[in-house]
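Residue-level structure breakdown
Each chain, letter by letter, is given below.
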Amino acid sequence: MGDSTGKSRSKLIIIDRSFDITSLILHELTFQAMAYDNFPIRNDVFTFNENKVQKHVFFDQRDKLWNNIRHQHISTAVITVSEKLKKCVNSLRASAAATNTANGSSVGTMSNAIKAIPIQKKKSEKFSIFMSVLKNCMDFYGEHLEEICVFEQDLVMGETATGEKIKYNIKEKLTYFLKKENVSVQNKIRLIILYILCEDGVPKDIFNELVQNAQLSPAQVQTITNLNMLGVTTITDGERQKRSKPERKQRVDENTFQVSRWTPLIKDLMENIVENKLNPDQFPSVGAPIDIHKPSSSRYTGQNVTWYKGKDSTKHLRSRVILFVLGGVTYSEMRCAYEISKSSKNCEIVIGSSHPLTAMDFIQELSKLDKP
């Protein structure tokens, strides 16, 4: 894509939602994903009550602070905003002190100090309200998700946070959560789906036991079995062997959060595309395969078409990979596109779909699959 000879090549990759259901069902704890998954956000507005007053925060894509913290783990985002707030308060105090010691100061110095006060106040208010949003997220995590998230990560990773074999009985631990009164029905459904995905299906008697322990209604049970329509085996006859799982890259290190060890499959896919290691059997090309890092020899780009975005027209044009996910894209997958684009010098990842998708949205859509 571009408007000159020697432009970088681009690739369009189309996948459907069944490519990775696990990442959709898991609880993600980066700020944006966690907020949209667990709170009723409408039109990008986060609403909460503080001191008996209802407050609203707009998650604006043009906002520098929001863009800076939305892909951070919530605990990291708390530190980031806290430091910015502290710095802002110190600047506000310095400006106030400068106006109080006007003697001997020039008019210009005093004027600048006075002008800085409302600007710093506005920033301080903004940082404070984001701290309140993050506090809501942290409180929700501590009250409803902490135990669940550790179990989920053990389940999908097949090992504990220390890399050891899981010694506890997974089914018994799952049953513990399914029987807990303070675990929501939606989270119980998510846990059962995760267990089914990791086991590649479960025998009918075990399935019945799980849904009974969770006290699910017939409609909610049907929602889970509707996974069959997406190619997921929910109930097995006990004789079928598990399907082999794709080999994953080792990403867990000492800096990885215990509750965030899983990486969406799409990140592996993105890295393979950037490194020209895409499996042609799994992703056959329409036409001859191309190397996105080699310049195109075609001179025709289409009438009045320009793809380059930037102020410096002489700047190196990175190749572009466009990933389109049929059936909805998760916020964690958007984060992966951001991370790969940021780390790659030669390739930009553009990810899109018909709509953003949370686990709650997916379960609601799943419940309708058996309807005419």
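None of the values given here were measured: they were computed from a predicted structure.

A few words on the confidence of the model for the protein chain. A residue-level look at the protein chain finds 81% of positions with pLDDT of 70 or above and a mean pLDDT of 85. In the model, residues 106-111 has pLDDT below 50 throughout and makes one contact with residues more than four positions away in sequence or in other chains. Here residues 297-315 is modelled with pLDDT under 50, and outside its nearest four sequence neighbours on either side it reaches 18 contacts, counting other chains as well.

Our focus in this paragraph is helix α12 (residues 359-366). Within the sequence span of α12, burial applies to Ala359, Phe362, Ile363 and Leu366. Around the axis of α12, the buried residues are gathered within 95 degrees of arc, so they sit on the same side. In the core, the buried residues of α12 are packed alongside α1 (22-25), α2 (31-38), α7 (185-199) and α9 (218-225).

On to the pattern of salt bridges, then. For the structure on display, the rule yields 19 salt bridges. In this structure, Arg335 and Glu28 form a salt bridge, with 3.0 Å as the shortest nitrogen-oxygen distance. A residue pair is termed long-range when its members are at least 10 positions apart, and Arg335 in helix α11 (residues 331-343) and Glu28 in the loop between α1 and α2 qualify at 307 residues. Close ionic contact of Asp139 with Lys135 constitutes a salt bridge, the shortest N to O distance being 2.8 Å. Here Asp139 and its partner Lys135 are both found in helix α5 (residues 107-157), four residues apart, which amounts to about one turn of the helix. Residues joined in a network through salt bridges with shared partners are Arg248, Lys249, Arg251, Asp268 and Glu271.

Looking now at a positive patch on the surface. On the surface, a cluster of positive charge is made up of Lys64, Lys84, Lys87 and Lys123. Looking at the element boundaries, Lys87 is found in helix α4 (residues 74-100). In this structure Lys87 comes out as exposed when scored by relative accessible area, which is 63%.

By the definition in use, this model includes 13 aromatic pairs. Ring centres of Phe151 and Tyr168 lie 6.4 Å apart, and the angle between their planes is 40 degrees; this geometry places the pair in the tilted category. On the criterion of sequence distance, the pair formed by Phe151 in helix α5 and Tyr168 in the loop between α5 and α6 (170-179) is long-range, its members being 17 residues apart. On the basis of relative accessible area, Phe151 is assigned to the buried category, the value being 1%.

Following the criterion strictly, the structure yields one cavity of 30 Å³ or more and no others. For the largest cavity, the calculated volume is near 110 Å³. Along its surface, the largest cavity is lined by 13 residues, and Leu24, Glu28, Asp37, Thr330 and Thr358 are the ones closest to its centre. Mapped onto the lining of the largest cavity, the elements with two or more residues apiece are α1, α2 and α11. Counted by class, the lining of the largest cavity contains six nonpolar, four polar and three charged residues.

Note that strand β2 (residues 45-50) and strand β3 (residues 53-58) share six bridges and pair antiparallel. Across the sheet, residue Phe46 finds its bridge partner in β3, namely Val57. Counted between consecutive antiparallel strands, the loop separating β2 from β3 contains two residues, among which Asn51 sits at a positive phi close to 55 degrees.

Attention now goes to the layout of surface pockets. Take a probe with the size of a water molecule and roll it over the atoms, and the empty space left behind shows itself. Within this model, the largest pocket holds a volume of roughly 1300 Å³. Taken together, 38 residues line the largest pocket, and the ones lying closest to its centre are Phe19, Lys245, Pro246, Arg248 and Leu265. Elements with a contribution of two residues or more to the lining of the largest pocket: α5, α7 and α10 (265-274). At four residues, the largest contribution of residues to the lining of the largest pocket is made by α10.

Turning our attention to the environment of Val259. By secondary structure assignment, the location of Val259 is in the loop between β5 (235-236) and α10. Along the sequence, Val259 and Glu28 sit 231 residues apart, while their C-alpha atoms lie 8.6 Å from each other. Not counting residues up to four positions away in its chain, the partners in contact with Val259 are Leu29, His73, Tyr141, Cys149, Val150 and Gln153.

The rules behind each value
Residues numbered from 1 in each chain as written. Predicted model: local features only at pLDDT ≥ 70, side-chain atom pairs only at ≥ 80, totals over all residues. Heavy atoms only, no water. pLDDT = per-residue confidence, 0-100. Contact = heavy atoms within 4.5 Å. Buried < 20%, exposed > 50% of the residue type's maximum accessible area, 1.4 Å probe, protein only. Helix = DSSP H or I, 4+ residues; strand = E, 2+ residues; numbered from the N terminus. Arc of directions from axis to C-beta. Salt bridge = Lys/Arg side-chain N within 4 Å of Asp/Glu carboxyl O. Patch = residues over 30% accessible without salt bridge, like charges linked within 9 Å, V, L, I, M, F, W, Y side chains within 5 Å. Areas by Shrake-Rupley, 256 points an atom, 1.4 Å probe, with all protein chains shown as cover. Lys, Arg positive; Asp, Glu negative; His and termini not counted. Charge placed at Lys NZ, Arg CZ, Asp CG, Glu CD. Phe/Tyr/Trp six-rings, centres within 6.5 Å; stacked < 30°, edge-to-face > 60°. 1 Å grid on protein atoms, 1.4 Å probe; cavity = no way out; pocket = protein on both sides within 12 Å on 5 of 7 lines; lining within 4 Å. Points joined across faces, edges and corners; volume = space filled by probe spheres on them. Nonpolar A, V, L, I, M, F, W, Y, C, P; charged D, E, K, R; others polar. Pairing = 2+ DSSP bridges.

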